[in-house]
Each structure stands twice: as C-alpha cells, then as structure tokens.
Amino acid sequence: SQQGEEDPQALSIQEGENATMNCSYKTSINNLQWYRQNSGRGLVHLILIRSNEREKHSGRLRVTLDTSKKSSSLLITASRAADTASYFCATDGVTGGGNKLTFGTGTQLKVEL
Amino acid sequence: DAGVTQSPTHLIKTRGQQVTLRCSPISGHKSVSWYQQVLGQGPQFIFQYYEKEERGRGNFPDRFSARQFPNYSSELNVNALLLGDSALYLCASSLVRLANYGYTFGSGTRLTVV
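Residues numbered from 1 in each chain as written. Chains lettered and ligands numbered in written order. Predicted model: local features only at pLDDT ≥ 70, side-chain atom pairs only at ≥ 80, totals over all residues. Heavy atoms only, no water.

J.: I would appreciate a short explanation of the overall build of chain A in the present structure.
T.: Scanning chain A from terminus to terminus reveals zero helices and 11 strands. When the helices and strands of chain A are listed from N to C terminus, the series reads β-β-β-β-β-β-β-β-β-β-β. Taken against the 2.2 N^0.38 rule, which gives 13 Å for 113 residues, the C-alpha radius of gyration of chain A at 13 Å falls within 12% of a compact globule. Based on the C-alpha atoms only, the size of chain A along its principal axes is roughly 45 × 25 × 20 Å. Out of the 113 residues belonging to chain A, those deemed buried represent 45%. On chain A, roughly 5300 Å² of surface is accessible, and the fraction owed to carbon and sulfur atoms is 45%. (Helix = DSSP H or I, 4+ residues; strand = E, 2+ residues; numbered from the N terminus. Rg over C-alpha atoms; globule rule 2.2 N^0.38 Å. Buried < 20%, exposed > 50% of the residue type's maximum accessible area, 1.4 Å probe, protein only. Areas by Shrake-Rupley, 256 points an atom, 1.4 Å probe, with all protein chains shown as cover.)

Right, here's the structure in full:
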C-alpha cells in the first residue's frame, strides 16, 4: 500500500517559474526522501531530510518537513524543461525495520518552454 | 563506475509462465532491494537482501522469490505469472542495510504479461 499521497497529481508550469509539490504520509518516520523519475524509468535520489530536521536545501531544491502534520513539500526554483518528470516522496518508517521505503503516488511535473 | 544494472530491460511473458529478473548493484554495495511499480502508482517494496540474507519482505505472494549471490548481485523470480504482475521492476542498491542514506536505483525491467 502507498504511504501517502502527493499533491497535486499533475503540475504544468513555464520555464523559470517555481514548482511546489506536497506529500502527506501516515506513520512516524525516520526520514523522508524525494526521488525523480523520467519517462517511467529508474528513480533518481534527490534529497533526504531526517525527522529532526525542518528544512534542507540542495542546489535549486528546497525541502521542508512538518512531522506534526505528517507532511513535506519540495520546491524546485527557476524550473527548466529538463525538470519535466514525475516526483515521488518516500518515507523510511519507524516501524518498517529501517530497510524499506514506502512511496507516495507521485506528482507529474511538466515544464514548458 | 557503473551504476545499478538490470537485465533485461523489457520482457513479454504469457500468463502462467515464470520469469527471472537480474540486478547488479554498485560495486561495494551489499544491499539490494526490489520494488514493483505498476503504471500510474509509486513503487512498492518487494524484498531486501543484505549480505546474502533476506532482511525484509513486502506484502507480495509466495510466487515472488529472490536471492542474492556472493558477488551481491541478485535475482527476482516470479512464478505463475498473472496479468496483474505487469509492471516496472526496480532494483535499488545501497552500501548499508538501512534506508537512511537513500538508494541508487537501476533503470528497471518492464515486464508485460499477456
């Protein structure tokens, strides 16, 4: 079963704009990770935020985590056409043994020129 | 360095047949995990193998099995294929058993059951 849901399911923006996608999850976590998937192929790890962190940056990516609301957001600034992909959040649950990820349903991002 | 390699990239099988998917992790990585991704959904955890032992199993029937070899490569076997087994099968590699540093995924094997 999926851990949670991502919102929106699909997002279309113009190049140069910022893209924000949200993730909600259901159980207590050790960490939350974001992955990108191009055209239904392999997943690329983008960023990991631990349960005791509230915000993290990596290049044009900014991730926030609110464990009280069981939610996270991924912000991509100054988007490019190459950012067009599906984005998934994945949680490493406290009760999951620490060795598996539970993925959300994904957000399809389209960045238009 | 090569990334995570999976073979084959595409596969078409008939209902009732058996299939074997292969994965080679990044050199030095001892953990291999398998995930199933049905079209339009996020990946779902099937197995984790670490140091050649099964360390975790998702909610999949016994038709699914896997193993890890001394060189840390892995095979996923699915018996008595059903139409619902059609999916992208992803292999993930990591240095450690725990998921707290993120995974490196292969490009996947797309299995179509007809």
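Let's pick the thread back up.
J.: What is the right way to look at the overall build of chain B in this model?
T.: In terms of regular secondary structure, chain B is built from zero helices and 11 strands. Ordered by position from N to C terminus, the α and β elements of chain B give β-β-β-β-β-β-β-β-β-β-β. On C-alpha atoms alone, chain B measures out to a radius of gyration of 13 Å, which is about the 13 Å that the 2.2 N^0.38 rule sets for 114 residues. Expressed as lengths along the three principal axes of its C-alpha atoms, the size of chain B is roughly 35 × 25 × 25 Å. For chain B, with 114 residues in total, the buried portion stands at 51%. For chain B, long-range pairs separated by at least 24 residues make up 53% of all intrachain contacts whose partners lie at least 6 apart in sequence. Of the accessible surface of chain B, which amounts to about 5300 Å², a share of 49% is contributed by carbon and sulfur atoms. Side chains of chain B give 11 positive and 7 negative charges; the mean places of these two sets differ by 4 Å. (Contact = heavy atoms within 4.5 Å. Lys, Arg positive; Asp, Glu negative; His and termini not counted. Charge placed at Lys NZ, Arg CZ, Asp CG, Glu CD.)

J.: What should I look at first to understand the pairing of strand E8 (residues 74–78) of chain B in this one?
T.: When a strand is regular, its side chains alternate between the sheet's two faces. All names here are of chain B. Within E8, five of the five residues are buried, leaving the element largely enclosed by the surrounding structure. Of the two faces of E8, the one holding Ser74, Leu76 and Val78 and the one holding Glu75 and Asn77 are both buried throughout. As paired elements, strand E3 (residues 19–24) and E8 share five bridges and run antiparallel to each other. Paired with Cys23 across the bridge in E8 is Ser74. In this structure, strand E7 (residues 64–68) lies alongside E8, joined through five bridges in antiparallel fashion. If you follow Ala66 over to E8, its bridge partner there is Leu76. Where E7 folds back on E8, the antiparallel hairpin that results is connected by five residues, among which Tyr72 adopts a positive phi of roughly 75 degrees. (Pairing = 2+ DSSP bridges.)

J.: Mind showing me how you'd approach the nonpolar core here?
T.: The tendency in soluble globular proteins is for nonpolar side chains to be buried as a group. With 22 residues, the main nonpolar core has B:Trp34, B:Ile46, B:Leu76 and B:Tyr89 as its most contacted residues. Of all the secondary-structure elements, those providing two or more residues to this core are E3, strand E4 (31–37), strand E5 (44–50), E7, E8, strand E9 (87–94) and strand E11 (109–113) of chain B. Counting residues in hydrophobic clusters, the runner-up holds 21 residues, among them A:Ala19, A:Cys23, A:Ile29 and A:Leu46. (Core = buried A, V, L, I, M, F, W, Y, C linked by side-chain atoms within 4.5 Å.)

J.: Please explain the sheet that holds E7(B) as it appears in this structure.
T.: Working definition: the strands of a sheet are paired by backbone hydrogen bonds and lie parallel or antiparallel to each other. All names here are of chain B. Read across the sheet, four strands follow the order E1-E3-E8-E7 without closing on themselves; strand pairing throughout is antiparallel. Sheet topology places strand E1 (5–7) and E7 at the edges, where each strand pairs with a single neighbour. Recorded for the sheet is a direction-independent mean angle of 15 degrees between the axes of neighbouring strands. (Axes fitted to C-alpha atoms, helices over the stretch in contact; angles between N-to-C directions.)

J.: Hey, could you run me through the pattern of salt bridges in this one?
T.: Any two side chains of opposite charge can pair, given that their charged atoms come close. Under the defined criterion, the tally for this structure stands at seven salt bridges over all chains. Among the salt bridges present, the one from A:Arg62 reaches A:Glu55, with a minimum N-O distance of 3.2 Å. For A:Arg62, a relative accessible area of 31% translates into the label partly exposed. One salt-bridge network, in which partners are shared between bridges, spans B:Arg22, B:Arg67 and B:Glu75. (Salt bridge = Lys/Arg side-chain N within 4 Å of Asp/Glu carboxyl O.)

J.: What exactly am I supposed to notice about the sheet that holds strand E3 (residues 19–24) of chain A here?
T.: Residues and elements named next belong to chain A. Spatial ordering of the open sheet is given by E1-E3-E8-E7-E6, a layout of five strands whose pairing is antiparallel. Strands at the two margins of the open sheet, each flanked by one partner only, are strand E1 (5–7) and strand E6 (55–58). On average, each strand axis in the sheet is inclined to that of its neighbour by 15 degrees, with strand direction left out of account. By the bridge criterion, four bridges tie E6 to strand E7 (residues 61–66) in an arrangement that is antiparallel. The partner of Ser58 across the bridge, within E7, is Leu61.

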